[in-house]
Amino acid sequence: MNFTVGFKPLLGDAHSMDNLEKQLICPICLEMFSKPVVILPCQHNLCRKCANDVFQASNPLWQSRGSTTVSSGGRFRCPSCRHEVVLDRHGVYGLQRNLLVENIIDIYKQESSRPLHSKAEQHLMCEEHEEEKINIYCLSCEVPTCSLCKVFGAHKDCEVAPLPTIYKRQKSELSDGIAMLVAGNDRVQAVITQMEEVCQTIEDNSRRQKQLLNQRFEALCSVLEERKAELLQALAREQEEKLLRVRGLIRQYGDHLEASSKLVESAIQSMEEPQMALYLQQAKELINKVGAMSKVELAGRPEPGYESMEQFTVSVEHVAEMLRTIDFQPGASGEDEDEEVALDGDEGGAGPEEERPEGPEGTGGH
């Protein structure tokens, strides 16, 4: 069914009143704002009762903690722009009243002598019966129509109902649906906020566990570095001891070689003496010195394999394999793991002398 709107001489005034009326409609109940009208921080307006309904739907625990006139604070979202409204302990009763809107409503009601939407309804005319107003609703076709269409027209065999009845019913259904949708949106937003908090908690916990993991591996590295320094120190001591012994022998053999060379040089010069008497005066002493020098016993040389340092070989394969087994242990507290790292560090600090093998190449013989 098609309609025509017969505004006629009141066209301009009707448009102005309709536009004004649209600005005075609450987005929750779809009725004109009822006093008192509260203004939200986002500058949108709500009936106080509608604001309280949305607030209670978003804060179900609030209803059990106070009466309808005393609240404990909370938050909800503006149904027009989804801006979050944070309330103090006074709840919606702490929101500021919009006196300007209330005054405009009073003026509008004074200027309007008919109920809401009455002017628009008066000028909705049936297209088939131009002089008939749209005053009934066809339940079968689900369209508004006029009485003549029911008696003589296309809807004569259809079931109809008064237009105001269907208007109130569907308006109530839409209002309830909007309220449920707004409440559902707030619940979804609460879930989103909760999941965002979970994400933040995951990031914080991961950051903390990474820090602990780095600390524990740094502690292991510190133990390894300390043990390496101890073993290197033991190896350096053994090296120094062996070098001191061998260099001492080198000096001893060098001194003997130098003395023997000088004696050889003196003996050769004496043999070149042409006078027999003079030669015989020196020969006996030189012969005794040469005999004594040839009988000098030098300190023993280092035993075979003395230069070897293989006793300081370290096997780390089993330690490396053990380190590869390090893995996360759910339920283990950080304090217990710190104690384990400390104990491992104490056990790994044994002196190198306790672990150095005793062998035939040891330094005890020199």
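Residues numbered from 1 in each chain as written. Predicted model: local features only at pLDDT ≥ 70, side-chain atom pairs only at ≥ 80, totals over all residues. Heavy atoms only, no water.

Just to check I follow, could you spell out the side chain of Ser270 for this structure?
Residue placement: Ser270 occurs in helix α7 (residues 163–271). Among the residues examined, Ser270 registers a relative accessible area of 6% and is labelled buried. Not counting residues up to four positions away in its chain, the partners in contact with Ser270 are Tyr279, Gln282 and Leu286. (Helix = DSSP H or I, 4+ residues; strand = E, 2+ residues; numbered from the N terminus. Buried < 20%, exposed > 50% of the residue type's maximum accessible area, 1.4 Å probe, protein only. Contact = heavy atoms within 4.5 Å.)

Help me out: how do you make sense of the pairing of strand β5 (residues 84–87) in this one?
In the case of a regular strand, side chains alternate between the two sheet surfaces. Here β5 shows one buried face, formed by Val85 and Leu87, and one open face, formed by Glu84 and Val86. In this sheet, β5 lies alongside strand β4 (residues 74–77) in antiparallel orientation, the contact comprising four bridges. Paired with Arg77 across the two strands is Glu84, which belongs to β5. The antiparallel pairing of β4 with β5 creates a hairpin that spans six residues between the two strands, and Arg82 there sits at a positive phi of about 70 degrees. (Pairing = 2+ DSSP bridges.)

Is there a simple way to think about the UniProt feature "coiled-coil region" (unreviewed entry) in the protein in this case?
In the UniProt entry, the feature "coiled-coil region" (unreviewed entry) is given for residues 214–241. Taken end to end, residues 214–241 is 100% helix and 0% strand, and its two terminal C-alpha atoms sit 40 Å from one another. (UniProt positions renumbered as here; feature names shortened; annotations may be inferred.)

Would you take a moment to explain the sheet that holds strand β10 (residues 160–162) for this structure?
Backbone hydrogen bonds are what pair the strands of a sheet, in a parallel or an antiparallel way. Strand order across the open sheet formed by three strands is β9-β8-β10, with antiparallel pairing between neighbours. What marks the edges here is a single partner per strand, and that holds for β9 (143–145) and β10. Within the sheet, the average angular offset between the axes of one strand and its neighbour, ignoring direction, is 35 degrees. Of the pairings in the sheet, the one linking strand β8 (residues 136–138) to β9 comprises three bridges and is antiparallel in character. (Axes fitted to C-alpha atoms, helices over the stretch in contact; angles between N-to-C directions.)

Would you explain a negative patch on the surface in this entry?
Together, Glu127, Glu128, Glu130 and Glu131 make up a region of like negative charge exposed at the surface. The exposure class assigned to Glu127 is partly exposed, which follows from its relative accessible area of 39%. (Patch = residues over 30% accessible without salt bridge, like charges linked within 9 Å, V, L, I, M, F, W, Y side chains within 5 Å. Areas by Shrake-Rupley, 256 points an atom, 1.4 Å probe, with all protein chains shown as cover. Salt bridge = Lys/Arg side-chain N within 4 Å of Asp/Glu carboxyl O. Lys, Arg positive; Asp, Glu negative; His and termini not counted. Charge placed at Lys NZ, Arg CZ, Asp CG, Glu CD.)

Help me out: how do you make sense of the packing of aromatic side chains in this one?
The description of an aromatic ring pair uses the distance of the two centres, along with the angle that the planes make with each other. Tallied over the full model, the rule gives one aromatic pair. A cation over a ring is seen here: Lys242 above Tyr306, with NZ or CZ 5.0 Å from the ring centre. Arg245 extends its terminal NZ or CZ atom over the ring of Tyr306, reaching a point 4.7 Å from the ring centre. (Phe/Tyr/Trp six-rings, centres within 6.5 Å; stacked < 30°, edge-to-face > 60°. Lys NZ or Arg CZ within 6 Å of the ring centre and 35° of its normal.)

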